[in-house]
Amino acid sequence: MASILSPEDRLAELKAFDETKAGVKGLVDAGIREIPRIFIHPPETFHNNSFSCLEIVPTIDLSSTNRSSTVEKIRTASEDVGIFYVTNHGIPMNVMDEMLNGVRRFHEQDAEVKKKFYSRDESKALMYDSNFDLFFSPAAGWRDSIASIMAPTPPPYEELPEVCRDILIEYSNDVKKLGVVLFRLVSEALGLDPDYLGNIDCDKGFRFLGHYYPACPQPDLTVGTPKHTDASFLTVLLQDEIGGLQILHQDQWVDVPPVPGSLVVNVGDLLQLISNDKLKSVEHRVVANGKEPRVSVVCFFRSLSSSRAYGPLEEFVSSDNPPRYRGTTIRDYFNYTLNKALDNIPRLQRLKL
Ligand code: OGA
Ligand code: NI
């Protein structure tokens, strides 16, 4: 059990695992039947079993011509649950499929080629690792990831992995356009001018992540991604057909199953912060599964190159409703989250007044 692993032994196991540069996929390929102790989560993690209820996570059709109804749906979804599906979002089905395939190709390619990208250095054009918080989280998640800042300026083409660079660029261009649409709608949902959030750069940049969750021999002992909120304004998520994403809603884990053709959009910490808690950064996680690998693609909207400080907007502050957070630059907040495990303490807590 994780509890009898001494800190020294744990560190040694983490280092040994990290040095393989083969991630969780490497363990599975080696044929392990039992998961290493560093991945075992405490039993509390598995309380409150999930239930499915599609009505909790609404679907918003972006092709609707009834704008005021769309804005209203986005407002209630972002205030009540912090997450919604979008359909007719403008990203073609073949681009979404090829993006998922590209991430799968990266993770399933020859281990020696993949190893060259393995790094925890954030300044790399493309970073491949397993668990960004491996060395400071209480227990590791059953996943490997690639990450790259794709907007406002993508890395040089040659520095992106050959197996997915074309689709990564194409998909990112589409997500950029979708971001403009979404932030206009969210601005209106907040009662602001449609250009408001764009004018303060919320839609200007994003970081791409391509997760690979290998099939797990003991899925009841670990999780893919532990409970957390996102350090973004908005997150756009594309998941394959496997499932496993859940949100914590009124103390219950609720499944957010894949719906073909749709994307999942969730509110992140920075939108909760600037709206002074009007919008809700939803807690979510990914459970492990014993059957098949799962692939997901996540774009975190936030522009790391912006020097702007973000605090609660004056529109959401009054004498009755004082600011609930201190302001921050995105860089400061990001640096903090990079060194903060996905544990039980919400990251936004740090800025609470
Ligand atoms: C994340 C995340 C969900 C998923 O990367 O922050 O929540 O489905 N990912 O992979
Ligand atoms: Ni997340």
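Right, let's walk through the structure included here. Each chain carries its own residue numbering, running from 1 in the direction its sequence is written. The lettering of chains begins at A and the numbering of ligands begins at 1, in the order of writing. At least 70 in pLDDT is required for a residue's local features to be given in this predicted model, at least 80 for side-chain atom pairs to be given and counted, and no such filter applies to totals for whole chains, interfaces and linings, which use all residues. To get the side-chain values, take all heavy atoms of the structure and skip hydrogens and water.

What about the packing of helix H3 (residues 67-80) against helix H6 (residues 165-189)?
Then comes step 1: Between H3 and H6, whose axes approach to 8 Å, the crossing angle comes to 80°. The orientation of H3 relative to H6 falls into the category roughly perpendicular. Together, Arg-67, Thr-70, Val-71, Ile-74 and Arg-75 of H3 and Arg-184, Leu-185, Val-186, Glu-188 and Ala-189 of H6 make up the contact between the two elements.
Then comes step 2: Polar here means any residue outside two lists: the nonpolar Ala, Val, Leu, Ile, Met, Phe, Trp, Tyr, Cys and Pro, and the charged Asp, Glu, Lys and Arg; Gly therefore counts as polar. When grouped by side-chain class, the residues that make up the contact of H3 with H6 number five nonpolar, one polar and four charged. Every angle, taken between N-to-C directions, lies between 0 and 180 degrees, and every axis is a line fitted to C-alpha atoms, over only the stretch in contact when it is a helix. Under the DSSP-based scheme used, a helix requires at least four consecutive residues in state H or I and a strand at least two consecutive residues in state E, with every element numbered from the N terminus. An angle counts as roughly parallel when it lies under 35 degrees, as roughly antiparallel when it exceeds 145, as roughly perpendicular when it falls between 65 and 115, and as oblique in every other case. When checking whether two residues touch, look at their non-hydrogen atoms; a contact exists if any pair is within 4.5 Å.

Description of the nonpolar core
Then comes step 1: Core analysis: the biggest nonpolar cluster contains 68 residues, and Tyr-171 and Ile-274 have the highest contact counts within it.
Then comes step 2: A total of 10 residues in this core trace back to one element, the largest contributor, which is H6.
Then comes step 3: In contact with Ile-274, other than residues within four places in its own chain, are Leu-197, Ile-200, Cys-202, Phe-233, Tyr-310, Gly-311, Pro-312, Leu-313 and Phe-316.
Then comes step 4: By convention a nonpolar core is built from buried Ala, Val, Leu, Ile, Met, Phe, Trp, Tyr and Cys residues, the set being connected through side-chain atoms within 4.5 Å. Buried residues are those whose accessible area, probed at 1.4 Å on protein chains only, stays under 20% of the maximum for their type, while exposed residues exceed 50% and partly exposed ones sit between those limits. Of all hydrophobic cores here, the second largest spans 18 residues; its members include Tyr-85, Val-254, Val-264 and Phe-300.

As for the coordination of the nickel ion (ligand 2)
Then comes step 1: Within the protein, the nickel ion (ligand 2) binds to His-228 (NE2), Asp-230 (OD) and His-284 (NE2); these donor distances fall in the range 2.0 to 2.1 Å.
Then comes step 2: Mapped onto the polypeptide sequence, the residues donating to the nickel ion (ligand 2) form the spacing pattern H-x1-D-x53-H. In this pair, Asp-230 sits in the loop between strand S6 (223-228) and strand S7 (234-239) while His-284 sits in strand S11 (residues 284-287), placing the two residues 54 residues apart along the sequence. Across the pair, exposure class does not vary: Asp-230 and His-284 are buried alike. The rule for donors is simple: N, O or S, within 2.8 Å of the metal, or within 3.2 Å if the metal is Na, K or Ca. Water isn't counted, so a site may look like it is missing partners.

Let's talk about a nonpolar patch on the surface
Then comes step 1: Only residues whose relative accessible area exceeds 30% and that take part in no salt bridge are eligible for patches, with like-charged residues grouped when within 9 Å of each other and nonpolar side chains (Val, Leu, Ile, Met, Phe, Trp, Tyr) grouped when within 5 Å. Working definition of accessibility: Shrake-Rupley area with a 1.4 Å probe, residue cover restricted to the visible protein chains. By definition, a salt bridge exists where a carboxyl oxygen of Asp or Glu is found within 4 Å of a side-chain nitrogen of Lys or Arg. A cluster of nonpolar side chains, contributed by Leu-11, Phe-135 and Phe-136, occupies part of the molecular surface with about 240 Å² of accessible area.
Then comes step 2: Summarising the element assignment, Phe-136 is placed in the loop between strand S3 (127-129) and strand S4 (144-151).

Looking at empty space enclosed by the protein
Then comes step 1: As defined here, a cavity is a set of points on a 1 Å grid over the protein atoms alone where a 1.4 Å probe fits but cannot get out. A pocket is an open set with protein on both sides within 12 Å along at least five of seven lines, and residues line them when an atom is within 4 Å of a point. Grid points are joined across faces, edges and corners, and a volume is the space filled by probe spheres set on the points. Per the counting criterion, the structure on display carries three cavities of 30 Å³ or more.
Then comes step 2: A volume near 490 Å³ is recorded for the largest cavity.
Then comes step 3: Residue lining of the largest cavity: 35 residues in total, with Phe-132, Leu-209, His-211, His-228 and Phe-300 positioned closest to the centre.
Then comes step 4: Elements supplying a minimum of two residues to the lining of the largest cavity: S3, S4, strand S5 (206-213), S6, strand S10 (263-267), S11, strand S12 (294-301) and helix H9 (330-338).

Quick look at the site of ligand 1
Then comes step 1: What makes a residue near a molecule or strand is one non-hydrogen atom of that residue sitting within 4 Å of it. All residues in the neighbourhood of ligand 1 are listed as His-211, Tyr-213, His-228, Asp-230, Leu-237, His-284, Val-286, Arg-294, Ser-296, Val-298 and Phe-300.
Then comes step 2: Between ligand 1 and the protein, one listed contact pairs an oxygen atom with a side-chain N or O atom of His-284 at 2.9 Å.
Then comes step 3: Taking Ser-296, its side chain carries an N or O atom lying 2.6 Å from an oxygen atom of ligand 1.
Then comes step 4: Look at ligand 1: alone it shows 290 Å² of surface, and the protein chains cover 95% of it.
Then comes step 5: When atom positions are compared with the pocket grids, ligand 1 is found to occupy the largest cavity.
Then comes step 6: The biggest single contributor to the shell around ligand 1 is S12, with four residues.
Then comes step 7: Here the residues of the shell around ligand 1 are counted per class, giving five nonpolar, four polar and two charged. In protein, a polar contact means a hydrogen-donor-capable atom and an acceptor-capable atom, both N or O and within 3.5 Å, with residues adjacent in sequence counting only if both atoms are side-chain atoms; elsewhere, any N or O pair within 3.5 Å suffices. To decide whether a molecule occupies a pocket or cavity, check its atoms: if more than half lie within 2 Å of the grid points, it is inside.

Comments concerning the environment of Gln-239
Then comes step 1: By secondary structure assignment, the location of Gln-239 is in strand S7.
Then comes step 2: Relative accessible area serves as the criterion here: at 10%, Gln-239 is assigned to the buried category.
Then comes step 3: Along the sequence, Gln-239 and Gly-290 sit 51 residues apart, while their C-alpha atoms lie 17 Å from each other.
Then comes step 4: When neighbours within four sequence positions are excluded, Gln-239 is seen to be in contact with Leu-100, Leu-245, Val-256, Pro-257, Pro-258, Val-264, Arg-294, Val-295 and Ser-296.
Then comes step 5: Within the structure, Gln-239 has its side chain in polar contact with the backbone oxygen of Val-256 (distance 3.0 Å).
Then comes step 6: In this structure the side chain of Gln-239 is engaged in a polar contact, spanning 2.8 Å, whose partner is the side chain of Arg-294.

Points about the side chain of Asp-174
Then comes step 1: Structurally, Asp-174 is set in helix H6.
Then comes step 2: Not counting residues within four places of it along the chain, the set of residues in contact with Asp-174 comprises Ile-91, Pro-92 and Val-95.

Topic: the packing of aromatic side chains
Then comes step 1: Paired rings are identified among Phe, Tyr and Trp, the last through its six-membered ring, by centres lying within 6.5 Å, and are further divided according to the angle between planes into stacked (under 30 degrees), edge-to-face (over 60) and tilted (the rest). Taken as a whole and assessed by the stated rule, the structure comprises nine aromatic pairs.
Then comes step 2: With a centroid separation of 5.4 Å and an interplanar angle of 85°, the aromatic rings of Phe-17 and Phe-39 are classed as edge-to-face. With Phe-17 in helix H1 (residues 7-19) and Phe-39 in the loop between helix H2 (23-29) and strand S1 (59-61), the pair connects residues that are 22 residues apart, well separated along the chain.
Then comes step 3: Since its relative accessible area comes to 6%, Phe-17 is described here as buried.
Then comes step 4: In this structure Phe-39 comes out as buried when scored by relative accessible area, which is 0%.
Then comes step 5: Between Phe-206 and Phe-301, the aromatic rings sit 5.1 Å apart at their centres with planes inclined by 55°, giving tilted as the arrangement. Residue Phe-206 is located in strand S5, and its partner Phe-301 is located in strand S12; the two are separated by 95 residues in the primary sequence.

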